[in-house]
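Examining the three-dimensional arrangement
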Amino acid sequence: GRGQPVGGPFSDYHGVIAAPSAQWELKPLLQAARLSVWAFDHLSGQADKFAPHVAAQATSPQLDLREGFEHYDRGRRQAGSDFSRKTQGLARKLGREVGELRFSFHEPDPGALQQVIDWKSAQYRRSAGTDAVFSRAWTGDLLRAVADIQTERFAGVCSVLHVGERRVAAHMGMRSRHHLHYWFPAYDTELSKFSTGSILLLRMAEAAPSQGIRVIDLGKGDSQYKRTLMTGAAPLGEGAVELPSLLTAARQMRRAAEAGQASGGVAAALLNVPVRAIRRLERMRRFR
């Protein structure tokens, strides 16, 4: 009875997919789907239907490239951002000290995508001690399936930055006609002092208008580089739709336990172990 967005944690936008003219109500829809709970953290649109169930608001930062990269870059510099200047300086330094830079907006070679997965998996192991993402076969299979689709309305995009013949940064994302979604960036840690990931992102932004891209969506998050690059943001909702059930009661008990832990004192000491165990189990099951 527990539902989650299609693609689980890989879904950076989700909601009810239906024709604009479709007539539907949220709770009957869940009942028809035999769901007691549908949890969301990147809800886009349909605010009137979901308003009572949104517990928090978030945003997905975006780069507006409708007037071209030069116009965008000039606006960022006037706003006080030095990201472009510093990144271009690092690119020149990389070229002088290591080798000539070469950029590919989309590299169809499956080895490029596999490089993204390998780098990203290593990053997860460094930061969390384990790779809960790409240790599951479906996650890599999903990225490969997206990369194989190349149509005007939707396509996978695997952008790569080379130094000579060596891949030093790569990004796997996807696009519609006019939007590019920034999804899985990765880079060679041996050259991290040159910020090769930033160089790649800047090259993607420079090339995007010539590919028909008007907006690059960086995805939800409050990273410094996103705040520096963004010109606007798309609103997102976080929360859950819950119908009366044993599952809902269990979720309410968990929230009460977390609140008790956060309050400190004796309650926090008693609840610390079970709350941590629940959170660890929840992290593990996200990619099942």
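In case you missed it, the structure is sitting above this.
In what follows, the accompanying structure is described. Every chain's residues receive numbers from 1 upward, in the order its sequence appears when written. The model is predicted, so local features are restricted to residues of pLDDT at least 70 and side-chain atom pairs to those at 80 or more, both for listing and for counting; the totals for chains, interfaces and linings are taken over all residues. Values reported for side chains reflect all heavy atoms of the structure, with hydrogen atoms and water molecules removed beforehand.

**Quick word on the packing of helix H5 (residues 110–128) against helix H6 (residues 137–148)**
The condition is simple: A fitted line through C-alpha atoms serves as each axis, taken over the contacting stretch for helices, and the angle formed by two N-to-C directions is quoted from 0 to 180°. Secondary structure elements are defined from DSSP: runs of H or I of at least 4 residues count as helices, runs of E of at least 2 residues count as strands, and each element is numbered from the N terminus. Should an angle fall under 35 degrees it is called roughly parallel, over 145 degrees roughly antiparallel, and 65 to 115 degrees roughly perpendicular, with every other angle called oblique. Crossing handedness is read from the near helix: turned anticlockwise from the far helix by less than a right angle, it gives a left-handed crossing, and turned clockwise, a right-handed one. In this analysis, two residues are considered to be in contact whenever any of their non-hydrogen atoms come within 4.5 Å of each other. When residues are sorted by character, Ala, Val, Leu, Ile, Met, Phe, Trp, Tyr, Cys and Pro go into the nonpolar class, Asp, Glu, Lys and Arg into the charged class, and all the rest, Gly among them, into the polar class.
One can describe the packing of H5 onto H6 by two numbers: an axis separation of 11 Å at closest approach and a directional angle of 150°. By the angle between their directions, the pair H5 and H6 is classed as roughly antiparallel. The two elements H5 and H6 meet at a crossing, and its hand is right-handed. In this structure, H5 contributes Leu113, Gln114 and Ile117 to the contact, and H6 contributes Gly140, Leu143, Arg144 and Ala147. Taken together, the residues of the contact of H5 with H6 break down into four nonpolar, two polar and one charged.

**Remarks on the layout of surface pockets**
In plain terms, the rule: A 1.4 Å probe that fits into a set of points on a 1 Å grid over the protein atoms alone but cannot get out defines a cavity; an open set with protein on both sides within 12 Å along at least five of seven lines defines a pocket, and lining residues are those with an atom within 4 Å of a point. Grid points are joined across faces, edges and corners, and a volume is the space filled by probe spheres set on the points.
In this structure, the second largest pocket encloses a volume near 900 Å³. Elements with a contribution of two residues or more to the lining of the second largest pocket: helix H1 (26–32), H6, strand E6 (166–175) and strand E7 (179–187). With four residues, the single largest contributor to the lining of the second largest pocket is E7.

**Here's the deal with the sheet that holds strand E2 (residues 37–43)**
To keep things clear, this is the line we draw: A pair of strands is labelled paired if DSSP reports no fewer than 2 bridges between them.
Taking strand neighbours across the sheet as the criterion, the nine strands line up as E1-E2-E9-E3-E8-E7-E6-E5-E4 in an open arrangement whose pairing is mixed. Every interior strand has two partners, whereas the edge strands, strand E1 (2–3) and strand E4 (101–104), have only one. With respect to the sheet, H5 is in contact with strand E5 (155–163), E6 and E7, its orientation differing from that of E6 by roughly 95°.

**Some details on the packing of aromatic side chains**
Quick note on the threshold: By convention, a stacked pair of Phe, Tyr or Trp rings (six-membered ring in the case of Trp) has centres within 6.5 Å and planes under 30 degrees apart, an edge-to-face pair has planes over 60 apart, and any other such pair is tilted. Exposure categories follow from relative accessible area, calculated using a 1.4 Å probe and restricted to protein chains: below 20% of the type maximum is buried, above 50% is exposed, and the middle band is partly exposed. The rule for a charge over a ring is simple: NZ of Lys or CZ of Arg within 6 Å of the ring centre, and within 35 degrees of the ring normal.
Scanning all chains against the criterion turns up eleven aromatic pairs. Centre to centre, the rings of tryptophan 183 and phenylalanine 184 are 5.1 Å apart; their planes meet at 55°, and the pair counts as tilted. Both residues of the pair, tryptophan 183 and phenylalanine 184, count as buried. Pairwise contacts between aromatic rings join Phe10, Tyr124, Phe134, Trp138, Trp183 and Phe184 into one cluster. The ring of tryptophan 24 carries the charged tip of lysine 49 above its face, separated from the ring centre by 4.7 Å.

**A closer look at empty space enclosed by the protein**
Inspection of the entire model under this criterion finds one cavity of 30 Å³ or more. The calculated volume of the largest cavity comes to roughly 50 Å³. If you go around the largest cavity, the residues you meet are Tyr72, Asp73, Arg76, Ser81, Phe83, Ser84, Leu202, Thr228 and Leu229. It is helix H3 (residues 69–78) that provides the largest number of residues to the lining of the largest cavity, a total of three residues. By residue class, the composition of the lining of the largest cavity is four nonpolar, three polar and two charged.

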